[in-house]
Every structure is written in structure tokens, then in C-alpha cells.
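Spelled out, the chains give:
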Amino acid sequence: MKFHTMPVIRSHEKRENSLINMSSRDKPNIMITGTPGTGKTSLCEQLARETGFRHINVGDWVKEKSLHSGWDDDFECFVLDDDKVCDALEELVEEGGCIVDHHGCDMFPERWFDLVIVLQTDNSTLFDRLQRRGYSQKKIQENVECEIMMVVAEEARESYKEEIVKLLPSNTSEDLERNLQQLVDWIRANT
């Protein structure tokens with residue numbers, strides 16, 4: 001299945017056009033989102049190494065800092081407490097230079113991010129990745145259906161200004177390298 005993608009990130013975009021609230025910070029913040037298994041953490045880790053930006057994996061923070069209200073057996077995950085998560089992140093994000101990694105994006109204030117990347121993966125590749133993680137068939141099916149319906153992409157479009165939301169393919173190691181380079185170039189042009 002092919003996904004419609006928005007234009008690639010252009011490192012020559014003007015700061016005033018592509019960034020929304022950097023007046024109080026020197027470095028931009030980036031949200032990298034997508035259905036579980038699309039490669040968010042792999043991209044974020046490499047981007048943090050390349051740029052010196054702080055990688056914040058929200059799922060890990062929720063576990064480490066108890067930013068949840070318990071375990072959901074049906075969905076096989078912790079139930080996020082949105083207020084706790086946002087309170088824990090606020091000071092760091094206000095400093096700038098953060099790469100926030102999470103499968104959802106609508107809980108975060110729009111002012112926090114200067115670029116929102118939605119990674120997309122074709123269904124068979126996503127299925128295989130989730131199966132290798134040991135996800136249950138129910139969880140795999142739910143996540144693949146979310147990807148088919150472009151749930152995360154719609155959430156991003158509804159939550160942030162159109163000009164900062166970019167959809168990028170994430171199927172192969174070549175996609176990962178291309179996405180990484182585009183983001184590094186964008187950061188360099190906007191710092």
C-alpha cells in the first residue's frame with residue numbers, strides 16, 4: 001500500500017514560516033510520532049546522537065516516572081496520565097532542543113513543537129515488525145488498522161499547524177537514513 005506523503009522537509013524554509021514559538025528558546029523542538037513499529041525510536045536515537053538534542057521517549061518516561069494511572073490488560077500497556085506527562089516534560093521542552101518520541105501527539109500543547117514528523121510504514125512491514133516484538137495478534141491488528149486508517153497522521157493534522165506537519169515513509173534502512181539526513185539538515189538550518 002502506498003501512502004500519500006507531504007513534501008519533504010526543506011532545510012531552507014524560513015524560521016518564521018516553519019517554527020511556531022522559538023522566541024523564548026534557541027533550539028527547536030521536534031515531535032516524532034507514528035503508529036508503534038514505524039521506527040520512531042530508531043530515528044530519534046540517531047538524530048539525538050547526530051545533533052546533541054535530547055531524546056525523550058514518552059513511553060519510557062511513563063514507566064520510569066510513574067506517569068500513568070495503572071495497566072490496561074485489554075490494550076497491554078500503561079494508561080497515560082496526560083497531565084502528569086505534560087507537567088514532567090514542560091520545563092525541558094521550554095528549554096528547546098528536544099526530540100519527543102511518542103505514538104500519539106494530540107495531548108501536547110501546539111506551542112511546544114516546531115516540527116511534527118509522522119512516520120508511516122506499509123502494512124506488511126509493520127505487521128512483521130510488531131510480530132518480532134512479540135505483540136499479541138489483537139495488538140498487531142489494532143496497530144495495523146490504525147496505520148491503514150492514518151489515525152496518527154490525522155491526529156497530527158488536527159493538532160498542529162499544517163506547515164509544520166510532515167509525513168515521511170519509514171519502511172527501509174534507506175528511508176531511515178534519508179529521514180535522518182533531512183532532519184539534521186532542518187535542525188542546522190533552524191538553529
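What counts and what doesn't
Residues numbered from 1 in each chain as written. Predicted model: local features only at pLDDT ≥ 70, side-chain atom pairs only at ≥ 80, totals over all residues. Heavy atoms only, no water. Helix = DSSP H or I, 4+ residues; strand = E, 2+ residues; numbered from the N terminus. Buried < 20%, exposed > 50% of the residue type's maximum accessible area, 1.4 Å probe, protein only. Contact = heavy atoms within 4.5 Å. Areas by Shrake-Rupley, 256 points an atom, 1.4 Å probe, with all protein chains shown as cover. Patch = residues over 30% accessible without salt bridge, like charges linked within 9 Å, V, L, I, M, F, W, Y side chains within 5 Å. Salt bridge = Lys/Arg side-chain N within 4 Å of Asp/Glu carboxyl O. Lys, Arg positive; Asp, Glu negative; His and termini not counted. Charge placed at Lys NZ, Arg CZ, Asp CG, Glu CD. Phe/Tyr/Trp six-rings, centres within 6.5 Å; stacked < 30°, edge-to-face > 60°. Lys NZ or Arg CZ within 6 Å of the ring centre and 35° of its normal. Pairing = 2+ DSSP bridges. Axes fitted to C-alpha atoms, helices over the stretch in contact; angles between N-to-C directions. Polar contact = N/O pair within 3.5 Å; in protein donor to acceptor, adjacent residues only side chain to side chain. Parallel < 35°, antiparallel > 145°, perpendicular 65-115°, else oblique. Left-handed = near helix turned anticlockwise from the far one by under 90°. Nonpolar A, V, L, I, M, F, W, Y, C, P; charged D, E, K, R; others polar.

Chemist: Honestly, the overall build of the protein chain in this entry has me stumped. Any pointers?
Modeler: Helices and strands together make up the secondary structure of the protein chain, namely eight helices and seven strands. By the burial criterion, 47% of the 191 residues in the protein chain qualify as buried. Counting contacts in the protein chain only where the partners sit at least 6 residues apart, residues at least 24 apart contribute 77% of the total. For the protein chain, the exposed area adds up to about 9800 Å²; of that, 45% sits on carbon and sulfur atoms.

Chemist: Help me out: how do you make sense of a negative patch on the surface in this one?
Modeler: The grouping of Asp82, Asp83, Asp87, Asp106 and Glu158 at the surface amounts to a negative patch. The leading source of residues in the negative patch is helix H4 (residues 82-95), at three residues.

Chemist: I keep staring at the packing of aromatic side chains and nothing clicks. Help me out?
Modeler: For any pair of aromatic rings, geometry is given as the distance between the ring centres together with the angle between the planes. In the structure shown here, the tally under the stated rule is five aromatic pairs. Measuring from ring centre to ring centre gives 5.9 Å for Phe108 and Trp112, while their planes differ by 35°; the resulting arrangement is tilted. Its relative accessible area of 4% is what places Phe108 among the buried residues. Three or more aromatic residues joined by ring pairs make a cluster, and in this case those are Phe108, Trp112, Phe113 and Tyr160. Directly above the aromatic system of Tyr135 lies the positively charged group of Lys139, at a separation of 4.6 Å from the ring centroid.

Chemist: Help me understand a nonpolar patch on the surface, please; the structure alone is not making it clear to me.
Modeler: A cluster of nonpolar side chains, namely Ile148, Met149 and Val151, defines an oily patch on the protein surface of about 270 Å² accessible area. The topology assignment puts Val151 in helix H7 (residues 151-159). Overall, Val151 belongs to the partly exposed group, its relative accessible area being 38%.

Chemist: What am I meant to see in the environment of Gly59 here?
Modeler: For Gly59, the location among the structural elements is in helix H3 (residues 58-64). Relative accessible area serves as the criterion here: at 27%, Gly59 is assigned to the partly exposed category. In this structure the C-alpha to C-alpha distance between Gly59 and Phe78, which are 19 residues apart in sequence, comes to 8.7 Å.

Chemist: What exactly am I supposed to notice about the sheet that holds strand E5 (residues 98-101) here?
Modeler: Hydrogen bonds along the backbone pair up the strands of a sheet, which may run parallel or antiparallel. One open sheet accounts for five strands, arranged E2-E5-E1-E6-E7; its pairing is parallel. On the outer flanks of this sheet lie strand E2 (54-57) and strand E7 (165-169), each paired with one strand and no other. Taking each pair of neighbouring strands and ignoring which way they run, the sheet shows an average axis angle of 20°. Packed onto the sheet, H4 meets E2 and E5 and runs at close to 155° relative to E2.

Chemist: Looking at this structure, I do not really get the side chain of Asn57. What am I missing?
Modeler: By the secondary structure assignment, Asn57 is in strand E2. For Asn57, a relative accessible area of 14% puts it in the buried group. A distance of 3.1 Å separates a polar side-chain atom of Asn57 from the backbone nitrogen of Gly59. For Asn57, the contacting residues outside a window of four places in its chain are Thr41 and Asp101.

Chemist: Any chance you could explain the packing of helix H2 (residues 40-51) against helix H8 (residues 173-189) here in plain terms?
Modeler: Where H2 contacts H8, the two axes come as close as 10 Å, and the packing angle between them is 40°. As summarised for this structure, H2 and H8 are arranged oblique, according to the angle between their axes. Every pair of crossing elements has a handedness; the one defined by H2 and H8 is right-handed. Between H2 and H8, the residues in contact are Ser42, Leu43, Gln46, Leu47, Glu50 and Thr51 and Leu176, Glu177, Asn179, Leu180, Leu183, Val184 and Ile187, respectively. Residues of the contact of H2 with H8, tallied by class, amount to seven nonpolar, four polar and two charged.

Chemist: Hey, could you run me through the pairing of strand E1 (residues 30-33) in this one?
Modeler: Side-chain positions along a regular strand alternate between the two faces of the sheet. Side chains Ile30 and Ile32 of E1 all project onto a buried face; the interleaved residues Met31 and Thr33 project onto the opposite face, where all are buried too. The pairing of E1 with E5 spans three bridges and is classified as parallel. When the bridges of E5 are listed, Ile32 appears paired with Asp101.

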